[in-house]
Amino acid sequence: DLDGIELLTLLSHQVSLAAELWKLHTDLVVAATFDRMTGALNRNAWLERVENRLRVVGEENLRGGLILLDLDNFKEINDNLGHAMGDRYLIGASKVARSTLREEDLFCRFGGDEFVIWLEGMSPSVLSGVVERLMMKVGSVASRYQSKLKAGAPHLGVSVGVVHVEADGCLELDALLECADSALYGAKAA
């Protein structure tokens, strides 16, 4: 009957529209949460999640770590090899860094060529091991790109600033980021 066909047509259009809206919503959530190029969390999503985790650290007497990771002399890639090569370098560094981490660790592209990582439940010695692996793996990516630059170009590498977080210590994210930033610039100077 004609009324039944019209009703089914209308219903199929509504289902199609609902599916389209759901996909649009999902795409918006992804865009609001992740860095488009590297797939890492974006700054705002990371800050929100780590603020929540810091509350849990304090309440449950846990410990954590914050790692600020910077690609040394990244500008050399963009200036000498082009932005497309710089993008590939960022993606490669991000990929190997994430492969070093656990699924529950919060990895973020903090800006430009800087990444930040929140890890939980690690002693200082385990955290040091993670930092060593990160430096080794990301450093190997830097070495591959260094070989593409002219002889005498500034050294590509990775510098890190690390802060170990205890439940009875500082749990203010801004202060922790400042400490990690100071440690990072100390590492760069060394």
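This report concerns the structure included in the present document. (Residues numbered from 1 in each chain as written. Predicted model: local features only at pLDDT ≥ 70, side-chain atom pairs only at ≥ 80, totals over all residues. Heavy atoms only, no water.)

Per the secondary structure count, the protein chain includes six helices and four strands. What you see in the protein chain, going N to C, is helices and strands ordered as α-α-β-α-α-β-β-α-β-α. Relative to a compact globule of 190 residues, whose C-alpha radius of gyration would be 16 Å, the protein chain shows 22 Å and is clearly more extended. Considering only C-alpha atoms, the protein chain reaches an extent of 80 × 50 × 25 Å along its principal axes. Within the protein chain, the proportion of its 190 residues that are buried is 41%. For the protein chain, long-range pairs separated by at least 24 residues make up 70% of all intrachain contacts whose partners lie at least 6 apart in sequence. With the model as given, the accessible surface of the protein chain reaches about 11,100 Å², and the carbon-plus-sulfur share is 56%. (Helix = DSSP H or I, 4+ residues; strand = E, 2+ residues; numbered from the N terminus. Rg over C-alpha atoms; globule rule 2.2 N^0.38 Å. Buried < 20%, exposed > 50% of the residue type's maximum accessible area, 1.4 Å probe, protein only. Contact = heavy atoms within 4.5 Å. Areas by Shrake-Rupley, 256 points an atom, 1.4 Å probe, with all protein chains shown as cover.)

The element strand β3 (residues 114-120) is extensively covered by neighbouring structure, given that seven of its seven residues are classed as buried. Alternating residues of β3 divide into E114, V116, W118 and E120 and F115, I117 and L119, and every residue in both groups is buried. Two strands pair when backbone bridges link them, and strand β1 (residues 63-72) and β3 are joined in this way by seven bridges, in the antiparallel orientation. From the neighbouring strand, L68 faces β3, where its bridge partner is V116. In this sheet, β3 lies alongside strand β2 (residues 106-111) in antiparallel orientation, the contact comprising five bridges. (Pairing = 2+ DSSP bridges.)

Moving on to the nonpolar core. Judged by nonpolar contacts, the single largest core of 30 residues is most densely connected at I67, L69, L71, Y89, L119, L134 and V138. For this core, the elements supplying multiple residues, two or more each, are β1, α3 (74-81), α4 (83-100), β3, α5 (124-146) and β4 (157-166). Setting aside residues up to four positions removed in sequence, L69 forms contacts with D113, E114, F115, L134, V138, V158, S159 and V160. W118, V163, L173 and L184 belong to the second-largest nonpolar core, a separate cluster that totals 21 residues. (Core = buried A, V, L, I, M, F, W, Y, C linked by side-chain atoms within 4.5 Å.)

Here α4 is 18 residues long and its end C-alpha atoms lie 26 Å apart, about the 26 Å a rise of 1.5 Å per residue gives. Looking at α4, one finds that the buried residues are M85, G86, Y89, L90, G92, A93, S94, V96, A97 and T100. Where α4 is buried, its residues meet β1, α3, β2, β3, α5 and β4. (Expected span 1.5 Å × (residues − 1).)

As a further point, take the environment of R88. Mapped onto the secondary structure, R88 falls in helix α4. Each C-alpha atom, one on R88 and one on M37, is 9.2 Å from the other, the two residues being 51 residues apart in sequence.

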